[in-house]
2 protein chains.
Amino acid sequence: MIHSKPINNIDKICQQKGISLTQKRHNIFDVLLSSMIPLSAYDITDIYKNKFVTSMPTMSIYRILEFLTGSGLVHKLESTNKYIACSHLQCDHEHTNAQFLICNSCSEVEEVALTQELHHQIEVGAEQKGFKLEALQFELHGTCKTCLKKQSH
Amino acid sequence: MIHSKPINNIDKICQQKGISLTQKRHNIFDVLLSSMIPLSAYDITDIYKNKFVTSMPTMSIYRILEFLTGSGLVHKLESTNKYIACSHLQCDHEHTNAQFLICNSCSEVEEVALTQELHHQIEVGAEQKGFKLEALQFELHGTCKTCLKKQSH
DNA sequence: TACATAATGATATGATATATCATTCAAATA
DNA sequence: TATTTGAATGATATATCATATCATTATGTA
Ligand SMILES: [Zn+2]
Ligand SMILES: [Zn+2]
Ligand SMILES: [Zn+2]
Ligand SMILES: [Zn+2]
């Protein structure tokens, strides 16, 4: 099974953003894109070996993950220590904030943009405490639509 | 320096909540309460040894941390893999959700309750995706009041 | 006391992540 | 083309965070 949002124009996107995507970086991104669920660096090591026959050291994968997250192509889920391809690469809008709906049952993740409204409210709330926010990332755990249906049977 | 909110009546609180706080659990809680910043299980191991002269194996500390987080006395910050005493033990209100303002500069954390309003909005947003939320925990990174002041000098 | 249950200790190991130095690759320049 | 240089990747070691399992100790109850 493959990711719900195949990205064909990733190279064009990177060119536009000034991101230099080497073959290996491209491969790591492909591994993440092809996965239904977030992966750890060590998960990626295993999948990479199968998918590309040749193996890449996990430490290189960490480095590439760092590059990809820095470029905004990939997100790290802090609550699970796993990595996931960004779902909003096709969109024009900048998203300095993201919200992840993480299913505790099947591990699938839906990435949704935080509304401006909500972002603003949270920012103001923090400001009232004298706190200056950096990029927001919300990780919401629960049960997804599909798993809820299964449970109700 | 000690925690801004010393808790004297912790034993009474636990009694009321039906939490059995052994001496060692109490000690671990004290370590967290006395710290300005969140601590890892291994941090606690070191501090415990100094503070109580006798040493406790880190694995026991993990077990006690599990108990304390399960009881709601302590929170785990997922984004930093560290533990912090709950700041709202004195309050009556149930807080199934929490928001942490984490300073990237000095590591201090302020725990603030999410407003019902905001909680509701987020819940509704998730529901629209067919997603059923469990307990919310938001970890907001940025710069605290004190550090902002220092920076402006 | 005798028993049962909960709490803690000891040991091993798994999982995640960073630091550092060496090597390779690829673009720029002579 | 040959040379230089910086970026990317590989190799190795080690730090950090966490769980599993079995043994032992403490605590409450019949
Ligand atoms: Zn994204
Ligand atoms: Zn699911
Ligand atoms: Zn709390
Ligand atoms: Zn600060």
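All values derive from a computational prediction rather than experimental measurement. (Residues numbered from 1 in each chain as written. Chains lettered and ligands numbered in written order. Predicted model: local features only at pLDDT ≥ 70, side-chain atom pairs only at ≥ 80, totals over all residues. Heavy atoms only, no water.)

**Student:** Before we move on, could you go through the packing of aromatic side chains and cite the residues and values that matter?
**Tutor:** Given two aromatic rings, one states the distance between the centres and the angle between the planes to describe the pair. Residue and element names in this part refer to chain A. One pass over the structure, following the stated rule, counts five aromatic pairs over all chains. When the ring of Tyr 42 is compared with that of Tyr 62, the centres are 6.2 Å apart and the planes differ by 75 degrees; the resulting orientation is edge-to-face. Taken together, the positions of Tyr 42 in helix α3 (residues 41–52) and Tyr 62 in helix α4 (residues 58–71) put the pair 20 residues apart, joining distant regions of the chain. Owing to a relative accessible area of 47%, Tyr 42 belongs among the partly exposed residues under this scheme. Using a relative accessible area of 35% as the deciding quantity, one classes Tyr 62 as partly exposed. In this structure, Arg 25 packs its charged tip against the face of Phe 67, placed 3.5 Å from the ring centre. (Phe/Tyr/Trp six-rings, centres within 6.5 Å; stacked < 30°, edge-to-face > 60°. Helix = DSSP H or I, 4+ residues; strand = E, 2+ residues; numbered from the N terminus. Buried < 20%, exposed > 50% of the residue type's maximum accessible area, 1.4 Å probe, protein only. Lys NZ or Arg CZ within 6 Å of the ring centre and 35° of its normal.)

**Student:** Just give me the short version of the packing of α3(A) against α4(A), but keep the residues and values in it.
**Tutor:** The axes of two packed helices give the description: the angle between them and the distance between them. Residues and elements named next belong to chain A. The geometry of α3 relative to α4 is characterised by a closest axis approach of 9 Å and an angle of 115 degrees between their N-to-C directions. In terms of their interaxial angle, α3 and α4 are classed as roughly perpendicular. The two elements α3 and α4 meet at a crossing, and its hand is right-handed. Of the residues in α4, those touching α3 at Ala 41, Tyr 42, Ile 44 and Thr 45 are Thr 58, Met 59, Ile 61, Tyr 62 and Leu 65. (Axes fitted to C-alpha atoms, helices over the stretch in contact; angles between N-to-C directions. Parallel < 35°, antiparallel > 145°, perpendicular 65-115°, else oblique. Left-handed = near helix turned anticlockwise from the far one by under 90°. Contact = heavy atoms within 4.5 Å.)

**Student:** Describe the interface of chain B and chain A, with residues and values.
**Tutor:** In this complex, chain B contributes 31 residues to the contact, which on the side of chain A involves 31 residues. Between chain B and chain A the total buried area reaches about 2500 Å² when both faces are included, carbon and sulfur atoms providing 63% of it. Across the chain B-chain A interface, the total number found is two salt bridges. In this structure, A:Lys129 engages B:Glu110 in a salt bridge whose closest nitrogen and oxygen atoms are separated by 3.8 Å. Where chain B packs against chain A, one counts nine residue pairs in polar contact (both at pLDDT 80 or more). It is strand β6 (residues 136–143) of chain B that contributes the most residues to the side of chain B that touches chain A, seven residues altogether. (Buried area = accessible area lost by both parts, 1.4 Å probe. Salt bridge = Lys/Arg side-chain N within 4 Å of Asp/Glu carboxyl O. Polar contact = N/O pair within 3.5 Å; in protein donor to acceptor, adjacent residues only side chain to side chain.)

**Student:** Requested: an account of the coordination of the zinc ion (ligand 4), with residues and values cited.
**Tutor:** Residues and elements named next belong to chain B. All of the protein donors around the zinc ion (ligand 4) are Cys 103 (SG), Cys 106 (SG), Cys 144 (SG) and Cys 147 (SG); their distances to the metal are 2.2 to 2.4 Å. Angles of 107 to 112 degrees at the metal separate the four donor atoms of the zinc ion (ligand 4), which places the site in the tetrahedral class. When the donors of the zinc ion (ligand 4) are listed by position in the chain, the intervening gaps give C-x2-C-x37-C-x2-C. Pair check on accessibility: Cys 144 and Cys 147 agree, each one buried. (Donors = N, O, S within 2.8 Å, 3.2 Å for Na, K, Ca; no water. Tetrahedral: all angles 85-135°; square planar, octahedral: opposite > 155°, others 65-115°.)

**Student:** Break down the relation of the copies chain B and chain A for me, with residues and values.
**Tutor:** Superposing the two chain copies requires a rotation about an axis and a translation along that axis. Of the two same-sequence chains, chain B is brought onto chain A (RMSD 0.1 Å, axial shift 0.1 Å) by a rotation of 179 degrees. When the rotation and shift are considered jointly, the pair of chain copies conforms to a two-fold rotation axis. (Least-squares fit on C-alpha atoms with pLDDT ≥ 70 in both.)

**Student:** Could you give me a rundown of the protein's contact with DNA strand C, with the residues and numbers involved?
**Tutor:** If you check the shell around DNA strand C, you find 18 residues, and the closest are A:Met59, A:Lys76, B:Thr22, B:Ser60 and B:Arg63. The sugar-phosphate backbone supplies 49% of the atoms of DNA strand C found within 4 Å of the protein. In the model, a base nitrogen of DNA strand C is placed 3.0 Å from a nitrogen or oxygen of the A:Tyr42 side chain. Here a phosphate oxygen of DNA strand C sits 2.9 Å away from a polar atom, N or O, in the side chain of B:Lys24. Of the residues belonging to the surface near DNA strand C, the class tally is eight nonpolar, five polar and five charged. (Near = heavy atom within 4 Å. Nonpolar A, V, L, I, M, F, W, Y, C, P; charged D, E, K, R; others polar.)

**Student:** Summarise the coordination of the zinc ion (ligand 2); cite the residues concerned and give the values.
**Tutor:** Residues and elements named next belong to chain A. Only Cys 103 (SG), Cys 106 (SG), Cys 144 (SG) and Cys 147 (SG) from the protein reach the zinc ion (ligand 2) as donors, at distances of 2.3 to 2.4 Å. Seen from the zinc ion (ligand 2), its four donor atoms lie at angles of 107 to 112 degrees, and the figure they make is tetrahedral. All donor residues of the zinc ion (ligand 2) come from one chain, and their arrangement in sequence is C-x2-C-x37-C-x2-C. Linking Cys 106 in the loop between β3 (97–103) and β4 (109–112) with Cys 144 in the loop between β6 (136–143) and α6 (145–152), this pair joins segments that are 38 residues apart in sequence. Using a relative accessible area of 26% as the deciding quantity, one classes Cys 106 as partly exposed.

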